[in-house]
Amino acid sequence: MSIRKFNDKEPSIGESVYIDDSAVVIGDVTLGNDVSIWPATVIRGDVESIKIGDGSNVQDGCVLHVSHAGKFSPQGHPLTIGKGVTIGHRAVVHACTIGDYCLIGIGAIIMDDAVLEDYVMLGAGSLVPPGKKLESGYLYVGSPAKQARHLKESEKEFLEYSAQQYVHLKNEYLKQEKT
């Protein structure tokens, strides 16, 4: 089963959400409305909470997880993802905060306590180290991720467009499931 309870925590699923049969969503996970979770993705909210905002999409093969409260992290670290976020294939997003309308490139890795403000584009294969803050309105690339340049207005528009296109695509998938 792809949606699983862990201890006393059960995923909360918004309206018109698509979760592929091969994806796994476990524990204290909240999915907003119009979220899409694509094949072979793992979202594991077993030791902290995960929240994914309206209209966000988590593409094939992603891993989303959190850090527990303990000796080295007294508060633990939840994972919070804003609205309209596109998380590219095979990305690893761990115990961080992602603002609205961000794009996480294919194969990118974001570590504990990192913060991506709204309208950030993170290049494919980039690594955001623990605790790093990425400023709104910029493209970041590399390992470790470095600020490359301001986003063009057309790129900011693309961030919103990308999220809208995935809402459209998941609606097509949901339509097929009903037939």
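Just above, that's the structure.
Draft legend 1. Structural context of the environment of R4. If you trace the backbone, R4 turns up in strand β1 (residues 3-4). For R4, a relative accessible area of 40% puts it in the partly exposed group. As a C-alpha pair, R4 and K83 span 79 residues in sequence and 23 Å in three-dimensional space. For R4, the residues in contact, after removing those within four places along its chain, are P11, V24, V25, I26 and G27.

Draft legend 2. Representation of the packing of aromatic side chains within the structure. Here the structure, examined in full by the defined rule, presents 7 aromatic pairs. For the pair Y101 and Y119, a centre-to-centre distance of 5.5 Å together with 25° between the ring planes defines the contact as stacked. Highlighted residues: Y101 in the loop between β12 (97-98) and β13 (103-104) and Y119 in the loop between β15 (115-116) and β16 (121-122), separated in sequence by 18 residues. Taken together, the ring pairs in this structure connect Y18, W38, Y166 and Y173 into an aromatic cluster.

Draft legend 3. The arrangement of the pairing of strand β19 (residues 138-141) in detail. Bridging between β16 and β19 involves 2 bridges; their strand directions are parallel. Counterpart to M121 in the pairing with β19 is L139. When β19 meets strand β20 (residues 146-150), the two strands line up antiparallel, connected through 4 bridges. From the neighbouring strand, Y140 faces β20, where its bridge partner is Q147. Linking two consecutive strands that pair antiparallel, namely β19 and β20, is a turn of 4 residues; a positive phi of about 100° is found at G142 within it.

The rules behind the values
- Residues numbered from 1 in each chain as written.
- Predicted model: local features only at pLDDT ≥ 70, side-chain atom pairs only at ≥ 80, totals over all residues.
- Heavy atoms only, no water.
- Helix = DSSP H or I, 4+ residues; strand = E, 2+ residues; numbered from the N terminus.
- Buried < 20%, exposed > 50% of the residue type's maximum accessible area, 1.4 Å probe, protein only.
- Contact = heavy atoms within 4.5 Å.
- Phe/Tyr/Trp six-rings, centres within 6.5 Å; stacked < 30°, edge-to-face > 60°.
- Pairing = 2+ DSSP bridges.

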